[in-house]
Amino acid sequence: PKQAEIIWELDTSYDISLLKAYFKETWRSISFEFWDGTQWTQKQTMNGNTEKGWQRIALSKPIATTRMRVTFPNGWESARFISEIEVQVIRPLSR
């Protein structure tokens with residue numbers, strides 16, 4: 001299947017520190033990438049593998065961005081088994 005994606009335009013620049021997704025079923029995946037002004041960088045992927053429920057990635061260093069790309073590598077059909085995503089920020093960056 002073709003990879004499904006959502007481009008999330010943020011209202012300002014944020015320091016992203018934590019990514020979370022709730023997996024309703026196992027064997028699903030979701031990826032997050034961050035816009036640096038010229039390209040998508042620092043891809044982070046969660047795989048539901050054998051676990052249902054909340055999965056999380058705590059970033060070792062916050063990522064500053066104004067745009068995120070959320071992708072579902074197995075297409076929209078498998079995206080429906082991820083019911084929520086949360087992004088934790090340290091603070092919005094001053095403009």
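Structure: see above.
Residues numbered from 1 in each chain as written. Predicted model: local features only at pLDDT ≥ 70, side-chain atom pairs only at ≥ 80, totals over all residues. Heavy atoms only, no water.

## Section: the environment of Q42
We count it as follows: Strands here are runs of E lasting at least two residues and helices are runs of H or I lasting at least four, both read from the DSSP assignment and numbered beginning at the N terminus. A 1.4 Å probe rolled over the protein chains alone gives each residue an accessible area, and that area as a share of the maximum for its type sets the label: buried under 20%, exposed over 50%, partly exposed in between. Note on contacts: a residue pair is in contact if any heavy atoms of the two residues lie within 4.5 Å.
With respect to the element layout, Q42 can be found in strand β3 (residues 40-47). On the basis of relative accessibility, which here comes to 47%, the residue Q42 falls in the partly exposed class. Once residues within four sequence positions are removed from consideration, Q42 is found in contact with F32, F34 and I63.

## A look at the nonpolar core
Here is the rule: Only buried residues count toward a nonpolar core, which is a set of Ala, Val, Leu, Ile, Met, Phe, Trp, Tyr and Cys residues joined through side-chain atoms within 4.5 Å.
Counting residues in each nonpolar core, the largest one holds 19 residues, and the members touching the most others are I16, L19, I30, F32, F34, M46 and F72. Those elements that provide at least two residues to this core are β1 (4-23), β2 (29-35) and β4 (53-72). The element best represented in this core is β1, accounting for 7 residues. What L19 contacts, discounting residues up to four positions off in sequence, is F32, F34, Q44, M46, Q55, R56, I57, L59, M68, E86 and V87.

## Things to note about the environment of S17
Tracing the chain through its elements places S17 in strand β1. S17 sits 44 residues away from K61 along the chain, and the two C-alpha atoms are 7.0 Å apart. Filtering out sequence-adjacent residues up to four positions away, S17 remains in contact with I57, A58, L59, Q88, V89 and I90.

## Some words on unusual backbone geometry
Even without being a glycine, W27 presents a positive backbone phi close to 60°. With respect to the helices and strands, the residue W27 is situated in the loop between β1 and β2. Note on W27: relative accessible area 57%, which makes it exposed.

## A short note on the pattern of salt bridges
Opposite charge on two side chains allows them to pair when their charged atoms are near. Going by this rule: Whenever Lys or Arg places a side-chain nitrogen within 4 Å of a carboxyl oxygen from Asp or Glu, that contact is recorded as a salt bridge.
What the rule picks out here adds up to 5 salt bridges. Taking the shortest distance from any N to any O, the salt bridge between E5 and R69 comes out at 3.7 Å. Taken together, the positions of E5 in strand β1 and R69 in strand β4 put the pair 64 residues apart, joining distant regions of the chain. Look at E5 and you get partly exposed, because its relative accessible area is 40%. By relative accessible area, R69 is classed as buried at 18%. When the shortest N-O distance is used, the salt bridge between R67 and E9 registers 3.0 Å. Placement of R67 in strand β4 and of E9 in strand β1 is noted, with a sequence separation of 58 residues between them.

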